[in-house]
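Listed below are the residues making up each chain.
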Amino acid sequence: MVNKERLPSFDNPEEIKLTSTERLTIASSPFAPPYSNSDLSSLLPEHQKDLANEIIAGTGMPRRFLRYLDSMSSPEQIVDDAVTAICTLVESAMKEQGWKHLDHLIVTSAFLPTQISRLALRNLNMSEISDHDYRLACAGAVTGFVDSLLNEHLAGKNVALVSAEPLSALIDERHFTPENLHIPAIFGDMYSVLCYNTSDFIIPHDENGPLAKVVFIPDHGVIKLTPWYQLKKNEGKIPPYYQFAEGAKEITSIDSNEVIMALFGPDQGLRVSMNGQATAKHFIRHTPPIIREILERSFRMNVLPSQAVYHQPSQPVNQGIERALGRNSPFPLPPMKFTLGEIGQSNSSSATSIIAWQALIERNLFNHQEPFLICAPGIGSAITAATIIPKT
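The text that follows walks through the structure, step by step, so that each part is easy to find. What you see is a predicted model, and the numbers here were worked out from it, not measured in a lab.

So, on to the environment of Gln277. Along the chain, the position of Gln277 falls in helix H7 (residues 276–300). The class for Gln277 is exposed, based on a relative accessible area of 61%. Residues Gln277 and Lys95 lie 182 residues apart in sequence; the distance between their C-alpha atoms is 44 Å.

And the structure:
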């Protein structure tokens, strides 16, 4: 079972995994104890364990990290923890990258309040630099990365893109039933930071604009949670590669510092609830056409990606997306293997894409000279995809 006596310290750099290349540094840590599949099933009554084991194994994830399961931590304490984690990650990654200064901070999260980016900058003594917050759930980090590369004001700038995802703060004892067990089985804590200079990556353009799309499609609450942020009015310039399905603009807020989607409140008085089948159907239906459009345009420009960095919701969802993409494809698809099981991680919302990228680099499965597809679907929902070329 899990040893809860020793909780990792948020201000300890030794808790952080660092991965560097000539163009970027990724730092990550769950700052939480691991729960294996057997650890998780042991939290249910004996007569439910066979069914629990089946549900947990079906996710394709053998381990997740959960800090706040039995915690009495207040939202204020959890925000303080997140700010400390952000500062520790950014300082460690900047040191690894050899940076003396940072120009821009992006913070993404599924539910945390948007002011944590300013709180982190204050603690880092960097209050003078610009920041941007994304609350697009799993799509937040990929959208922030794509936006930064296409933002003329960030050309040639050093950017730290942080995902702060203490998802166990949304989980309580009511999730440890066969009806709700898929929540702690799929989701876990993770903090990550990607440090890069925007001049090192290029998003090519064709006659229709950049090879990038951010598509907002209401999912009508396939996953519901109560966010700790507020939706505002649309007061910012909307990028031309953002597209909105019917009803999407009404649940989206975009300004110069924030991109936010409203979420439905959860069922049964829970802090987060999920309709697993509806979630899978939504993303398997809507994600492949967006990826396919980007790949078709890339193919016409002779920059077809040979590799992919993508969000991994769960093994069944990823397999469904891959099958749909492969039907009658006129060109080879980049490998989209589900890797979370191999690296012992879970779906950690916006941090998932970054730790998947980190795993590809560590296993020498990412070629830093070749174009790559980057993609992430997130609840709400926002689905982002782009072709990116590392600058040579």
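This part is about the packing of aromatic side chains. Evaluated as defined, the whole model comprises 17 aromatic pairs. On the basis of an interplanar angle of 85 degrees and a centroid distance of 4.8 Å, the ring pair of Phe111 and Trp228 is categorised as edge-to-face. Highlighted residues: Phe111 in the loop between strand E5 (104–108) and helix H4 (116–123) and Trp228 in the loop between strand E13 (223–225) and strand E14 (242–244), separated in sequence by 117 residues. Taken together, a centroid distance of 4.9 Å and an interplanar angle of 80 degrees make the contact between Phe145 and Tyr196 edge-to-face. With a gap of 51 residues between them, Phe145 in helix H5 (residues 140–150) and Tyr196 in strand E8 (residues 190–197) connect regions that are remote in the sequence.

This part is about the sheet that holds E8. Paired through their backbone hydrogen bonds, the strands of a sheet run either parallel or antiparallel. On the basis of which strands lie adjacent, the open sheet formed by eight strands has the order E1-E2-E8-E7-E5-E6-E16-E15 and mixed pairing. Only two strands of the sheet have a single neighbouring strand rather than two, namely strand E1 (17–20) and strand E15 (252–254). In this sheet, neighbouring strand axes are inclined to one another by 10 degrees on average, regardless of whether the strands run parallel or antiparallel. Relative to E8, strand E7 (residues 158–165) runs antiparallel, the two sharing eight bridges. Within E8, the residue paired with Ser163 across the bridge is Ser192. Where helix H3 (residues 75–97) meets the sheet, its contacts fall on E1, strand E2 (24–29), E5, E7 and E8, and the angle it forms with E8 comes to roughly 35 degrees. Helix H10 (residues 351–362) contacts E1, E2, E7 and E8 of the sheet and is inclined by roughly 115 degrees relative to E2.

Our next topic: the layout of surface pockets. A volume near 630 Å³ is recorded for the largest pocket. Along its surface, the largest pocket is lined by 26 residues, and Leu150, Asn151, His153, Lys237 and Pro239 are the ones closest to its centre. Among the secondary structure elements, those contributing two or more residues to the lining of the largest pocket are E5, strand E6 (130–135) and H5. Here the residues of the lining of the largest pocket sort into 11 nonpolar, 10 polar and five charged. In this structure, the second largest pocket spans a volume of roughly 340 Å³. Breaking the lining of the second largest pocket down by element, the ones donating at least two residues are helix H6 (182–186), H7, helix H8 (315–326) and strand E19 (372–378). Among the elements that make up the lining of the second largest pocket, the one with the highest residue count is H7 (five residues). Taken together, the residues that form the lining of the second largest pocket break down as 13 nonpolar, 10 polar and no charged.

Rules and cut-offs
Residues numbered from 1 in each chain as written. Predicted model: local features only at pLDDT ≥ 70, side-chain atom pairs only at ≥ 80, totals over all residues. Heavy atoms only, no water. Helix = DSSP H or I, 4+ residues; strand = E, 2+ residues; numbered from the N terminus. Buried < 20%, exposed > 50% of the residue type's maximum accessible area, 1.4 Å probe, protein only. Phe/Tyr/Trp six-rings, centres within 6.5 Å; stacked < 30°, edge-to-face > 60°. Pairing = 2+ DSSP bridges. Axes fitted to C-alpha atoms, helices over the stretch in contact; angles between N-to-C directions. Contact = heavy atoms within 4.5 Å. 1 Å grid on protein atoms, 1.4 Å probe; cavity = no way out; pocket = protein on both sides within 12 Å on 5 of 7 lines; lining within 4 Å. Points joined across faces, edges and corners; volume = space filled by probe spheres on them. Nonpolar A, V, L, I, M, F, W, Y, C, P; charged D, E, K, R; others polar.

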